[in-house]
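Below, each chain spelled out in residue letters.
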Amino acid sequence: MNPPARKPFFLWRLLRGIWDALNFGRRLVFNLVFLALLVLLLGVLLRGMPLLQPRTALVLAPDAVLVEQYSVAPAERVLGRLTGETVAEVQLRDLLRAIDAAREDAHIERIVLRPDRIHGGGFASLRELAAALRRFREAGKQVIAYADAMDQRQYYLAAQADEVYLHPEGVVWLEGLSSHRAYFREAIEDKLRAKVHLFRVGTFKAFAEPFVRDGPSPEALEADRVWMSDVWQRYLADIAAARGLDAARLQQAIDHAAEELEGSEGDFAALAESLGLIDARLSADALEQRLIERGEKEGSSFRQVDFERYLARLDHERLPLDPRPQVAVVVAEGEIVDGGPAPGAVGGESMAELLRQARDDEQVRAVVLRVDSPGGSVFASEQIRRELELLREAGKPVVASMGDVAASGGYWISLGADEILADPSTITGSIGVFGLLPTFPDSLEAIGIRVDGVGTTALAGALDPRRELDPQLARIFQASVERVYRQFIGRTAAVRGLEVEAVDRVAQGRVWSGAQALEHGLIDRIGGLDEAIAAAATRAGLAEPDYQVRYLERPLEPFEQFLLQLGRDQALLALAGRFGLLPAMADAATARELRPWLSWLLRREGPPLRIAAHCLCRGG
């Protein structure tokens, strides 16, 4: 006879009941979240674009850093929006596309430009934007610029407008170009008792000088002075031409800024007006009233559409499947590194894979390589150059378009193209090579640590940074660097149709502006991205409107596409935040906690150190 079953202990039944309740609550919450996301997805897919009314002003105020390509992944960009953070970056191509589309759009009457909401960007990028604004004005449409304050990059854009207004307490800060670096030799050698061994070829190759010197070499100072003077004089000439001013007078005002400001009783805005840099001092609300009077009132302001909403409209109107042949644009922005990193750098393997896709895609007839890179790994640079060579061998022409910076390794990869175009203010050249190896035996000895042992060969353990640098290893490194330099100038000579000796004279790690590079035969002609695309199309036997331009990037997953579309829809975001469906209205502390977690999830290990072709230079 079986004993009677024991009833579960009361506490156990209570705990199990609590657990079942929690489990039910968890399933309920997840189902509700899933349902909310489904509703939002349907809203994104079914929601149409409201009609754009006549006499609308396109407002360009992205409040973001100007870049060629996003430096963070799509999910991270959307997370930044959903956690209440502003969009940190805006792509040059998107601004150009919006301005050019607005030029042909009968509903757009004028552009209201907030240059103080466009940050960063080199002078080559700014010149492309300025050219687009001039095309807009040539179509008989008006550009009005307004700012609370402007640095010299932002003012370059403002100067292209029909009218420029500044807040009465605002500042226009023009200062010129400079190059000041920190030098660490004393800290490394005298304080830390470590040593950085530099192996280089190129008298002007200054990238690694901060590790081995207490100040810049005379050659580095001379090289910087030459290219910066060229870029600065072009800047002054451009804004003088746009505003009908005298460039020499502007230079004088900057050189005697204190005296000029004292003459205006310390009023920066009054000084800007007296110099002709602006048309008037005006508050934002006063400008808004003027725009209402000139256009149409909508709500409490003038009729307008913001840049992101207008861009979303353009994307909405784009044909989903366009059978026309393509000119593919591949962007190489950032340091060139080994492997396939996340956005923000140019990975040798990942870039090579994109170029292979272009080679295998029958719809792609030509490729434009848009370069904005100071260089980096020689190995990765050669991987990319070789894939460009294979593209050309497959019968697909390649044109290199240099952006703000295309120096050292950035120039190396450009050698894979049939033709090289650059802006006059592009920073390029820096044809030189270096390698660095730190050692710190004296640092260890200072705290009582010594390293000793035995090896089976003369080289065994020679790479150990805890030991003194072996003279034989130093000779090996120097020989390798010299070989890469010979390869660099030899390939440049062969591609550019020059003598090796002639290339060596303008190489040696020296940086040039795009205009100077043209004089030395390092590029084919001056031109921007549009000219490069047209040149690639011509080489492929294509003519407008019989081809389309496609940016070749890693394809987005369907959920990433949904997130990006959701991130652009302000109304849906606000609705989601109001009902607590997404953390769009999360408090600042919560937002700060979310960011490190995402960074941790996206982080990758860095590649091993290799011989580099790198330039410590900036495009603005």
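Our structure's up above, just so we're on the same page.
**A word on the overall build of the chain**
Okay, so step 1: Helix and strand counts for the chain stand at 24 helices and 27 strands.
Okay, so step 2: In the chain, buried positions account for 48% of the 620 residues.
Okay, so step 3: Looking at the chain alone, contacts between residues at least 24 apart form 76% of all its contacts between residues at least 6 apart.
Okay, so step 4: About 31,000 Å² of surface is accessible on the chain, with carbon and sulfur atoms providing 55% of the total.

**Here's the deal with the sheet that holds strand 3 (residues 89-91)**
Okay, so step 1: The 3 strands lie next to each other as 3-2-5, forming an open sheet whose pairing is parallel. Across the chains shown, the open sheet's two edge strands, defined by having one partner strand only, are strand 3 and strand 5 (118-119).
Okay, so step 2: Where strand 2 (residues 64-67) lies against strand 3, 3 bridges are found, and the strand directions are parallel. Following the sheet pairing, L66 is matched in strand 3 by V90.

**With respect to the nonpolar core**
Okay, so step 1: One finds I111, Y155, V172, Y235 and Y310 to be the most contacted residues of the largest nonpolar core, which totals 64 residues.
Okay, so step 2: A per-element tally of this core places helix 8 (residues 218-243) first, with 8 residues.
Okay, so step 3: Once you skip the residues sitting within four places of it in the chain, I111 turns out to touch L58, L60, I99, L133, F136, Q142, V143 and I144.
Okay, so step 4: Of all hydrophobic cores here, the second largest spans 53 residues; its members include V364, W412, V433 and V484.

**Topic: helix 14 (residues 348-360)**
An α-helix turns once every 3.6 residues. As a result, residues three or four positions apart point the same way.
Okay, so step 1: Taking 1.5 Å per residue as the helical rise, helix 14 with its 13 residues ought to reach 18 Å, and the 18 Å between its terminal C-alpha atoms agrees with that figure.
Okay, so step 2: Along helix 14, the residues that are buried comprise G348, M351, A352, L354, L355 and A358. For helix 14, the arc enclosing every buried residue in end-on projection is 155°, short of the 170-degree limit, so these residues lie on one face.
Okay, so step 3: On its buried face, helix 14 is in contact with strand 15 (326-333), strand 16 (336-337), strand 17 (346-347), strand 18 (364-373) and helix 15 (378-393).

**Remarks on helix 18 (residues 471-496)**
Okay, so step 1: In this model, helix 18 (26 residues) spans 37 Å end to end at C-alpha, consistent with the 38 Å of a helix rising 1.5 Å per residue.
Okay, so step 2: The backbone nitrogen of Q472 lies 2.7 Å from a side-chain oxygen of the residue at the head of helix 18, namely D470.
Okay, so step 3: One or two positions beyond helix 18, positive phi appears at G497, with a value near 70°.

**Regarding the packing of helix 3 (residues 92-104) against helix 4 (residues 123-138)**
Okay, so step 1: Packing of helix 3 against helix 4 leaves a shortest axis separation of 9 Å and a crossing angle of 10°. Here helix 3 is positioned roughly parallel relative to helix 4, judged by the angle of their axes. Residue-level contacts link L92, L95, L96, I99, D100, A102 and R103 of helix 3 to S125, E128, L129, A132, L133, R135 and F136 of helix 4.
Okay, so step 2: Residues of the contact of helix 3 with helix 4, tallied by class, amount to 9 nonpolar, 1 polar and 4 charged.

**Comments concerning the pairing of strand 15**
Okay, so step 1: Along strand 15, 8 of the 8 residues are buried, which leaves the element largely enclosed by surrounding structure.
Okay, so step 2: Burial of the side chains of strand 15 extends over both faces: Q326, A328, V330 and A332 are buried on one face and V327, V329, V331 and E333 on the other.
Okay, so step 3: Pairing of strand 15 with strand 26 (residues 548-551), which is carried by 4 bridges, proceeds in the parallel orientation. Each residue of the ladder has a partner; that of V329, found in strand 26, is Y551.

Rules used throughout
Residues numbered from 1 in each chain as written. Predicted model: local features only at pLDDT ≥ 70, side-chain atom pairs only at ≥ 80, totals over all residues. Heavy atoms only, no water. Helix = DSSP H or I, 4+ residues; strand = E, 2+ residues; numbered from the N terminus. Buried < 20%, exposed > 50% of the residue type's maximum accessible area, 1.4 Å probe, protein only. Contact = heavy atoms within 4.5 Å. Areas by Shrake-Rupley, 256 points an atom, 1.4 Å probe, with all protein chains shown as cover. Pairing = 2+ DSSP bridges. Core = buried A, V, L, I, M, F, W, Y, C linked by side-chain atoms within 4.5 Å. Expected span 1.5 Å × (residues − 1). Arc of directions from axis to C-beta. Polar contact = N/O pair within 3.5 Å; in protein donor to acceptor, adjacent residues only side chain to side chain. Axes fitted to C-alpha atoms, helices over the stretch in contact; angles between N-to-C directions. Parallel < 35°, antiparallel > 145°, perpendicular 65-115°, else oblique. Nonpolar A, V, L, I, M, F, W, Y, C, P; charged D, E, K, R; others polar.

Purely geometric stuff here, so don't read any function into it on its own.
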